[in-house]
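The primary structure of each chain is shown beneath.
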Amino acid sequence: MYSDSSIPRDFKTMREKMVETQIKARGVKDPRVLSALLKVERHRFVPEEFQSSAYSDQPLPIGEGQTISQPYIVALMTELLELKGTERVLEIGTGSGYQAAILAELAKEVYSIEIVESLANSAKKLLFDLGYKNIQVKVGDGYLGWPEASPFDAIIVTCAPDHIPKPLVDQLKEGGRMVLPVGTYSQELKKIVKRSGKIETTDVLPVIFVPMTGEGVKQKR
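Source: prediction; values computed, not measured.

Asks: Give a detailed account of the overall build of the protein, specifying residues and quantitative values.
Replies: Helix and strand counts for the protein stand at 7 helices and 9 strands. Taken over the C-alpha trace, the protein has a radius of gyration of 16 Å; the compact-globule value for 221 residues is 17 Å, and the two agree within 12%. Taking the principal axes of its C-alpha atoms as reference, the protein extends roughly 50 × 35 × 35 Å. Residues classed as buried in the protein amount to 54% of the 221 residues present. Across the protein, the fraction of contacts at a sequence separation of at least 24, relative to all contacts at a separation of at least 6, is 56%. Accessible surface for the protein amounts to roughly 10300 Å². Of this, 52% is attributable to carbon and sulfur atoms. If the 29 positive side-chain charges of the protein are averaged to one point and the 29 negative ones to another, these points end up 4 Å apart.

Right, here's the structure in full:
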């Protein structure tokens, strides 16, 4: 959706190394996902003082107590969504906007919710400046989803609730996929598929995400 021809060569090389050593080497195979990770410039989504570490194998702070996820986790979660290019995707936790940009390369429409207004506003501006026209960002309580834009073919949650939010299950299409971390001190990345109105859950691997916040998740505890 935009060209990286003006980006210094070292960032491009760092991005290529990230995909080879952190993503492909750990088993992510979807060529569309790999292509998106090569294209989207992760260094644009982190504060300037962390840009030299933008392609390292770690999460990085982005302000307001939030982080941009480790590249491998972004790749893995994205691959688990099984996107083909025609989907309407919901993201809970816009953060820096990096995951939304990856999704926008792979799906038709992306709807992203961020509870921290300053992060939502900065991500929205950055994504607009980068030329993404298929992403909508709003400030809101991610636990409640985006019912007026539902149903969704896929949902990705980049913060950890302590249980699977029912509103998100309700907004998932039949046959749709949801990927999210679940838990408090101990979290597990889960893949959910909705079949005949019920969910099939697969545990993927242990993870560490910032906790989901908002009134919705509090009321269900």
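Asks: Tell me about the sheet that holds strand E3 (residues 88-92), and name the residues and values.
Replies: Read across the sheet, 7 strands follow the order E5-E4-E3-E6-E7-E8-E9 without closing on themselves; strand pairing throughout is mixed. Among the strands making up the open sheet, the edge pair consists of strand E5 (135-139) and strand E9 (198-207). If you compare each strand with its neighbour and ignore which way they point, the axes differ by 15 degrees on average. Strands E3, strand E4 (109-114), E5 and strand E6 (152-157) of the sheet are contacted by helix H4 (residues 98-106), whose axis makes an angle of about 170 degrees with E3. The strands touched by helix H5 (residues 117-129) within the sheet are E4 and E5, with E5 carrying the most contacts at an inclination of about 160 degrees.

Asks: Give a detailed account of the pairing of E3, specifying residues and quantitative values.
Replies: Judged by how many residues are buried, E3 sits mostly within the fold: 4 of 5 residues are covered. Alignment of E3 against E4, held across 5 bridges, turns out to be parallel. When the bridges of E4 are listed, Val89 appears paired with Val110. The parallel pair E3 and E4 is bridged by H4, and the resulting crossover is right-handed. Examined bridge by bridge, E3 and E6 share 4 bridges and lie parallel to one another. For Glu91, the partnering residue across the bridge sits in E6 and is Ile156.

Asks: Please set out the nonpolar core residue by residue, giving values where relevant.
Replies: Looking at soluble globular proteins, one finds that nonpolar side chains tend to be buried together. Counting 52 residues, the largest nonpolar core has Leu37, Phe45 and Tyr98 as the members making the most contacts within it. Of all elements in the fold, only helix H1 (9-23), helix H2 (31-39), strand E1 (60-63), helix H3 (71-80), H4, H5, E5 and E6 reach the threshold of two or more residues within this core. Ignoring any residue separated from it by four or fewer positions in sequence, one finds Leu37 in contact with Arg15, Met18, Val19, Ile23, Ala75, Tyr98 and Ile102.

Asks: Give a detailed account of the packing of aromatic side chains, specifying residues and quantitative values.
Replies: Taken as a whole and judged by the stated rule, the model has 4 aromatic pairs. Ring geometry for Phe11 versus Tyr55: centroids 6.3 Å apart, planes at 55 degrees, classification tilted. Taken together, the residues span a long stretch of sequence, with Phe11 in helix H1 and Tyr55 in the loop between H2 and E1 at a distance of 44 residues. Both residues of the pair, Phe11 and Tyr55, count as buried.

Asks: Kindly report on the environment of Leu205, identifying the contributing residues and their values.
Replies: Residue position: Leu205 is located in strand E9. In the structure, Leu205 is positioned 18 residues away from Gln187 in sequence and 8.7 Å away in space, judged by C-alpha atoms. Leave out the neighbours within four places in its chain, and Leu205 touches Tyr72, Leu76, Glu188 and Leu189.

Procedures and definitions
- Residues numbered from 1 in each chain as written.
- Predicted model: local features only at pLDDT ≥ 70, side-chain atom pairs only at ≥ 80, totals over all residues.
- Heavy atoms only, no water.
- Helix = DSSP H or I, 4+ residues; strand = E, 2+ residues; numbered from the N terminus.
- Rg over C-alpha atoms; globule rule 2.2 N^0.38 Å.
- Buried < 20%, exposed > 50% of the residue type's maximum accessible area, 1.4 Å probe, protein only.
- Contact = heavy atoms within 4.5 Å.
- Areas by Shrake-Rupley, 256 points an atom, 1.4 Å probe, with all protein chains shown as cover.
- Lys, Arg positive; Asp, Glu negative; His and termini not counted.
- Charge placed at Lys NZ, Arg CZ, Asp CG, Glu CD.
- Pairing = 2+ DSSP bridges.
- Axes fitted to C-alpha atoms, helices over the stretch in contact; angles between N-to-C directions.
- Right-handed = clockwise from strand over helix to strand, strands pointing away.
- Core = buried A, V, L, I, M, F, W, Y, C linked by side-chain atoms within 4.5 Å.
- Phe/Tyr/Trp six-rings, centres within 6.5 Å; stacked < 30°, edge-to-face > 60°.

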